[in-house]
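Chain by chain, the residues:
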Amino acid sequence: MSDALTSPAFDRRMLEALICPQTHSTLRYDASAQELISDKANMAFPIRNGIPIMLLDEARALE
C-alpha cells in the first residue's frame, strides 16, 4: 500500500496560514508529490502524515 493511501490527508485550508520560511511568499499544494511548493524560493517542502514540514533543511530544491 502506498503512503498516500495510509497517511492522513493534508488540510488545504492550512495554505491560507502557511508561507515560505525563506521568502515569506504564498505556497501552492502539489497533491501528487505531497509537497508545498514555493515558486519564489524554488523549493518544495514535504508533507508527512498530513503535516507540512516547513524547515529549510527538509526542503527540496526545484530545478
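From a predicted model like this one, the values you see are computed outputs, not experimental measurements. The written sequence of each chain sets the order in which its residues are numbered from 1. For a predicted model such as this one, the threshold for reporting local features is a pLDDT of at least 70, and the threshold for listing and counting side-chain atom pairs is 80 or more; totals across whole chains, interfaces and linings nevertheless cover every residue. The basis for every side-chain value is the complete set of heavy atoms in the structure, and neither hydrogens nor water enter the calculation.

Undergrad: An account of the packing of aromatic side chains is needed here, citing residue identities and associated values.
TA: Pairing of aromatic side chains here covers Phe, Tyr and the six-membered ring of Trp, requires ring centres within 6.5 Å, and sorts the geometry by plane angle: under 30 degrees stacked, over 60 edge-to-face, intermediate tilted. Inspection of the entire model under this criterion finds 1 aromatic pair. Ring geometry for Phe10 versus Tyr29: centroids 4.8 Å apart, planes at 40 degrees, classification tilted. Of this pair, Phe10 sits in the loop between α1 (3-6) and β1 (28-30) while Tyr29 sits in strand β1, and the two are 19 residues apart along the sequence. Just as Phe10 is buried, Tyr29 falls in that class too. What counts as a helix is a DSSP run of H or I of at least four residues, what counts as a strand is a run of E of at least two, and both are numbered from the N terminus. Exposure categories follow from relative accessible area, calculated using a 1.4 Å probe and restricted to protein chains: below 20% of the type maximum is buried, above 50% is exposed, and the middle band is partly exposed.

Undergrad: Residue-level account of the environment of Arg12, with values.
TA: Looking at where Arg12 falls in the secondary structure, it is placed in the loop between α1 and β1. For Arg12, a relative accessible area of 52% gives the class exposed. For the pair Arg12 and Tyr29, spaced 17 residues apart in the sequence, the C-alpha separation amounts to 7.7 Å. The contact criterion used is simple: two residues touch if any of their non-hydrogen atoms lie within 4.5 Å. With residues up to four places along the chain from it excluded, the contact list for Arg12 reads Tyr29 and Ala31.

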